[in-house]
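What follows is each chain in one-letter form.
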Amino acid sequence: MYINLSGLNILVTGASKGIGKAIATKLAEAGATIAIHYNKNVREAENLAHILGNESSVFQADLSTKDGAIKLFEQVVGRFGSVEILVNNAGIAVSSPIESSDDDWLSIWNETVNVNLTASALLCKKAVNHFLERKAAGRIINITSRAVHRGDTAEYIAYGASKAGMSSLVKTIARAYGKNGIKAFNVAPGFVRTDMAKTFITEYGENYAVNDLALDRLTEPKDIAPLVTFLASGMADHSTGATFDLNAGSYVR
Ligand SMILES: NC(=O)c1ccc[n+]([C@@H]2O[C@H](COP(=O)([O-])OP(=O)(O)OC[C@H]3O[C@@H](n4cnc5c(N)ncnc54)[C@H](OP(=O)(O)O)[C@@H]3O)[C@@H](O)[C@H]2O)c1
């Protein structure tokens, strides 16, 4: 099967490392021009733009801020002229024990919801309006989590809730705007070996994660990217609104 995404501009948030970097790489291999979003890792983002080519460019935005997502989308459209696909991948997972003070717990809750859910929602809003204004087809792919379906550990209660919100965004958009040519999908990974996972591994140990799997090794970012590329291609458009599990058999629904 041959996937050709040339001529498409794709915004991938959190593309400076981990899953986002792998997704951006695979999409660019298929010919797309990538808006490589990053927050702090400017050097990794710029190196990636150099490697990807296709006139891919970097865009900085702190998605925990009020206008970070809005300005990001406007800058990408300003530079590229249009966006055909949005991949909401940037995210944080911050441990927050239930025994911590109410203020500390709420602070982590707010930060998690701002980055994972509110910024993704604003980017979805901007993207849907952009697709409607252009009367053009568009696709949105949200990187959610297995936690949407099976919950998370107690310290990551905010993370699971934020990802469940992202999942709902996709379902509503798919059902509300399908006749306008807009499709939306959720990709729900289990444990993936990235910097985010390192924190968890330090806390719980690698065995905890591996013992949970049906397969014999932890999922790597490169295991996520092909599915996202397939969804971006349009070949799965009649699955709009669906959630695709990618969790090495650790949670089979
Ligand atoms: N790893 C897993 O086990 C796993 C499992 C299920 C779902 N996921 C989801 O997959 C996505 C990618 O995770 P990952 O494991 O690849 O994480 P990662 O390696 O920690 O990368 C996170 C990315 O998000 C960006 N980011 C973090 N805080 C940000 C902020 N305030 N504003 C803007 N960007 C910010 C980072 O940008 P900079 O580095 O430039 O600051 C980085 O590009 C996340 O949504 C995560 O929830 C991961």
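*Asks:* How would you summarise the overall build of the protein chain if you had to cite specific residues and measurements?
*Replies:* Summing up its helical and strand segments, the protein chain has nine helices and seven strands in all. Against the 2.2 N^0.38 benchmark of 18 Å for 253 residues, the protein chain shows a C-alpha radius of gyration of 17 Å, consistent with a compact globule. Its C-alpha atoms put the protein chain at 50 × 40 × 40 Å along the principal axes. Going through the 253 residues of the protein chain one by one, you find that 43% of them count as buried. Pairs at least 24 residues apart make up 71% of the contacts formed inside the protein chain by residues separated by at least 6 positions.

*Asks:* Can you explain the packing of helix α1 (residues 18-29) against helix α9 (residues 221-233)? Please cite residues and give values.
*Replies:* One way to put it is that α1 packs onto α9 with a least axis distance of 8 Å and a crossing angle of 50 degrees. Relative to α9, the element α1 is oriented oblique. Crossing angle aside, the handedness with which α1 passes α9 is right-handed. Between α1, through G18, I19, K21, A22, I23, T25, K26 and L27, and α9, the contact on the second element is made entirely by P221, K222, I224, A225, P226, V228, T229 and A232.

*Asks:* Describe in detail the sheet that holds strand β3 (residues 57-60), supporting the description with residues and values.
*Replies:* Strand order across the open sheet formed by seven strands is β3-β2-β1-β4-β5-β6-β7, with parallel pairing between neighbours. Each having just a single partner strand, β3 and β7 (243-246) make up the two edges of the open sheet. Strand-to-strand twist in this sheet, taken as the mean axis angle between neighbours without regard to direction, amounts to 20 degrees. The pairing of strand β1 (residues 9-12) with strand β2 (residues 33-38) spans four bridges and is parallel. Opposite L11, over in β2, you have A35 as the bridge partner. Across the sheet, helix α2 (residues 42-52) is in contact with β2 and β3; its angle to β2 comes to roughly 170 degrees.

*Asks:* Break down unusual backbone geometry for me, citing the residues and quoting the values.
*Replies:* Peptide bonds are trans in most cases, and residues, glycine excluded, mostly fall at negative phi. Not every positive phi belongs to a glycine, and N54 is a case in point at roughly 55 degrees. Along the chain, N54 falls in the loop between α2 and β3. Looking at N54, the number of C-beta atoms within 10 Å reads 20, which means it is buried. With phi around 55 degrees, A248 is a residue other than glycine that occupies positive phi space. Along the chain, A248 falls in the segment after β7.

*Asks:* An account of the environment of I108 is needed here, citing residue identities and associated values.
*Replies:* Turning to its location among the elements, I108 is positioned in helix α4 (residues 102-134). As a C-alpha pair, I108 and Y159 span 51 residues in sequence and 9.5 Å in three-dimensional space. Aside from chain neighbours lying at most four places away, what touches I108 is V94, S96 and A158.

*Asks:* With reference to specific residues and values, describe helix α3 (residues 68-80).
*Replies:* The end-to-end C-alpha distance of α3, which contains 13 residues, comes to 18 Å, matching closely the 18 Å that a straight helix rising 1.5 Å per residue would cover. Two residues or fewer after α3 comes G81, characterised by a positive phi angle close to 90 degrees.

*Asks:* Could you give an account of the site of the ligand, with specific residues and numbers?
*Replies:* As a structural note, the neighbourhood of the ligand is formed by 29 residues, with G14, G18, N39, G91 and T194 the closest of them. Of all the secondary-structure elements, those providing two or more residues to the shell around the ligand are α1 and α7 (195-204). Each residue belonging to the shell around the ligand can be placed in one class, and the counts come to 14 nonpolar, eleven polar and four charged.

Criteria and cut-off values
- Residues numbered from 1 in each chain as written.
- Predicted model: local features only at pLDDT ≥ 70, side-chain atom pairs only at ≥ 80, totals over all residues.
- Helix = DSSP H or I, 4+ residues; strand = E, 2+ residues; numbered from the N terminus.
- Rg over C-alpha atoms; globule rule 2.2 N^0.38 Å.
- Buried ≥ 20, exposed ≤ 12 C-beta atoms within 10 Å, placed from the backbone.
- Contact = placed C-beta atoms within 7 Å.
- Axes fitted to C-alpha atoms, helices over the stretch in contact; angles between N-to-C directions.
- Parallel < 35°, antiparallel > 145°, perpendicular 65-115°, else oblique.
- Left-handed = near helix turned anticlockwise from the far one by under 90°.
- Pairing = 2+ DSSP bridges.
- Expected span 1.5 Å × (residues − 1).
- Near = placed C-beta within 6 Å.
- Nonpolar A, V, L, I, M, F, W, Y, C, P; charged D, E, K, R; others polar.

All quantities given are derived from atomic positions and should not be read as evidence of function.
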